[in-house]
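Here are the chains, one letter per residue:
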Amino acid sequence: MQAYLLSQQFNTRSLAENSTACPANATICSGTSCVLPEDNFNETLSVVLSTVLTIMLALVMFSMGCNVDIKKFLGHIKRPWGIFVGFLCQFGIMPLTAFLLSLAFNVLPIQAVVVLIMGCCPGGTASNVIAYWVDGDMDLSISMTTCSTLLAMGMMPLCLFVYTKMWTDSNAIVLPYDSIGISLVALVIPVSFGIYVNHRWPSKAKVILKVGSIVGAILIVLTAVVGGILYKGSWIISPKLWIIGTIFPAAGYSLGFFLARIAGLSWHRCRTVSLETGMQNTQLCSTIVQLSFTPEQLELMFTFPLIYSIFQLLFALLILGGYRLYRRHRVKTKTDVEKTEEKEDSKSTSPHAKINGGFVSNETK
């Protein structure tokens with residue numbers, strides 16, 4: 001039994017007078033020693049919640065797959081212009097932005113490395129959920145997430161080799177290829193089942209999609225809350241990392257959108273590319289950081305992936321809110337214009353209808 005020993009000197013009189021001298025949760029209190037159980041709350045919580053979140057994520061990706069048309073999905077694979085633009089954003093814009101932010105804020109070498117690791121990670125699955133809510137191209141979103149995770153096997157080592165030279169030896173960074181592989185499998189299998197369900201039972205797929213989108217929104221918030229609980233003791237880090245964690249996702253969203261628009265993609269695909277660019281796989285970044293650095297080094301930058309995760313979610317929700325307001329205003333304006341046109345048509349046609357017995361000339365149409 002794992003326990004630690006707290007040596008406390010007690011005499012018979014003090015024990016008799018003060019029964020609370022020995023901690024209430026002590027498993028053994030005899031003589032001069034109290035044995036207390038080790039506090040492994042975080043470890044247990046991490047295992048339980050990781051299992052729950054993994055299952056929920058698989059269900060969410062299954063539901064997202066229910067919105068994918070197999071023909072359109074294969075069309076993106078055969079004509080991968082949108083995927084290529086996303087690739088440039090994911091492994092071009094993001095690592096370069098991380099590099100420039102690290103230089104601009106002159107952070108410590110170890111902190112610069114964790115910022116670069118975040119910039120080199122593939123897109124996160126949360127982007128698929130947000131893309132659905134902003135009426136993005138789900139076929140493109142799913143294909144981009146899949147391709148970026150697959151290409152991360154080669155692009156992450158390359159980007160880290162190029163950008164981390166001035167701070168550290170890239171060989172010192174341990175890339176968990178097994179975690180990347182698991183992420184890929186956890187993405188592809190549920191999505192494949194979802195695509196099959198959508199192909200065979202479209203009506204049932206719509207119901208699954210609605211439920212999954214709600215569960216996905218809950219999952220995103222729950223992930224942020226869980227991170228705050230697990231790493232509550234690691235929030236004291238450099239203010240520079242807080243600033244970078246705020247600017248970085250916002251830059252990813254903005255630059256991804258503009259590059260997609262310059263490349264000639266439609267508006268709903270621009271929104272999709274923007275989300276896929278700004279939303280990174282922060283869980284993968286945390287895994288790499290834990291595998292690569294000592295506990296002393298982790299104290300300087302361990303919370304950065306969580307900070308990025310919080311702000312990428314915050315900005316994504318702002319994008320979602322802004323889009324919903326725009327859509328509501330646009331629909332309202334369009335409806336008002338149509339009603340006005342109908343009134344004008346009825347006014348202009350009524351005199352002619354009386355005079356010409358219902359005939360309307362070409363000039364008044």
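Residues numbered from 1 in each chain as written. Predicted model: local features only at pLDDT ≥ 70, side-chain atom pairs only at ≥ 80, totals over all residues. Heavy atoms only, no water.

The protein carries the name Ileal sodium/bile acid cotransporter in an unreviewed UniProt entry, which gives Phaetusa simplex as its organism. Note on the protein: under the UniProt heading Sequence similarities (unreviewed entry), the record states "Belongs to the bile acid:sodium symporter (BASS) (TC 2.A.28) family." The UniProt entry for the protein carries the following comment under Subcellular location (unreviewed entry): "Membrane". (UniProt positions renumbered as here; feature names shortened; annotations may be inferred.)

A.B. asks: In this structure, what is going on with the side chain of serine 127? I would like to understand it.
C.D. replies: As for its placement among the helices and strands, serine 127 is situated in helix α6 (residues 126–133). The contacts of serine 127, once residues within four sequence positions are left out, are Ser141, Thr145, Leu275, Glu276 and Met279. (Helix = DSSP H or I, 4+ residues; strand = E, 2+ residues; numbered from the N terminus. Contact = heavy atoms within 4.5 Å.)

A.B. asks: What's the story with empty space enclosed by the protein in this structure? I'm lost.
C.D. replies: Empty space among the atoms can be located by rolling a probe the size of a water molecule over them. For the structure shown, the criterion picks out one cavity of 30 Å³ or more. By volume, the largest cavity amounts to about 60 Å³. Taken together, Ile83, Gly86, Phe87, Gln90, Phe91, Met144, Cys147, Ser148 and Glu276 form the lining of the largest cavity. Contributions of two or more residues to the lining of the largest cavity are made by α4 (81–105) and α7 (138–163). In the lining of the largest cavity, the residues fall into five nonpolar, three polar and one charged. (1 Å grid on protein atoms, 1.4 Å probe; cavity = no way out; pocket = protein on both sides within 12 Å on 5 of 7 lines; lining within 4 Å. Points joined across faces, edges and corners; volume = space filled by probe spheres on them. Nonpolar A, V, L, I, M, F, W, Y, C, P; charged D, E, K, R; others polar.)

A.B. asks: Sorry, what's going on with the environment of phenylalanine 304 here?
C.D. replies: If you trace the backbone, phenylalanine 304 turns up in helix α14 (residues 304–355). Once the C-alpha coordinates of phenylalanine 304 and tryptophan 242 are considered, the two residues, 62 residues apart in sequence, prove to be 7.6 Å apart. Setting aside its immediate chain neighbours within four residues, phenylalanine 304 contacts Val114, Val115, Met118, Ile237, Leu241, Ile244, Gly245 and Phe248.

A.B. asks: Explanation requested: the nonpolar core in the structure shown.
C.D. replies: Proteins that are soluble and globular tend to have nonpolar side chains buried together. Core analysis: the largest hydrophobic core is formed by 41 residues, its most contacted members being Val115, Ile117, Met156, Phe248, Val289 and Phe304. Secondary-structure elements contributing two or more residues to this core are α4, α5 (109–120), α7, α10 (239–262), α12 (282–292) and α14. Broken down by element, the residue count for this core peaks at nine residues, all from α5. Met61, Tyr132, Leu219 and Tyr253 belong to the second largest nonpolar core, which has 24 residues in total. (Core = buried A, V, L, I, M, F, W, Y, C linked by side-chain atoms within 4.5 Å. Buried < 20%, exposed > 50% of the residue type's maximum accessible area, 1.4 Å probe, protein only.)

A.B. asks: I would appreciate a short explanation of α10 in the present structure.
C.D. replies: Side chains of residues three or four places apart in an α-helix project in the same direction, reflecting 3.6 residues per turn. Between its terminal C-alpha atoms α10 stretches 35 Å, which fits the 34 Å expected from 24 residues at 1.5 Å a residue. Every buried residue of α10 is listed here: Leu241, Ile244, Gly245, Phe248, Pro249, Ala251, Gly252, Tyr253, Gly256 and Ala260. A positive phi of about 90° marks glycine 264, the residue just after α10. (Expected span 1.5 Å × (residues − 1).)

A.B. asks: Would you mind going over unusual backbone geometry with me for this structure?
C.D. replies: Peptide bonds are trans in most cases, and residues, glycine excluded, mostly fall at negative phi. Residues other than glycine seldom take positive phi values, yet asparagine 106 does so here, at roughly 50°. Mapped onto the fold, asparagine 106 is located in the loop between α4 and α5. Judged by its relative accessible area of 61%, asparagine 106 falls in the exposed class. You will see that aspartate 135, though not glycine, has its phi angle at about 55°, which is positive. Examined against the element boundaries, aspartate 135 turns out to sit in the loop between α6 and α7.

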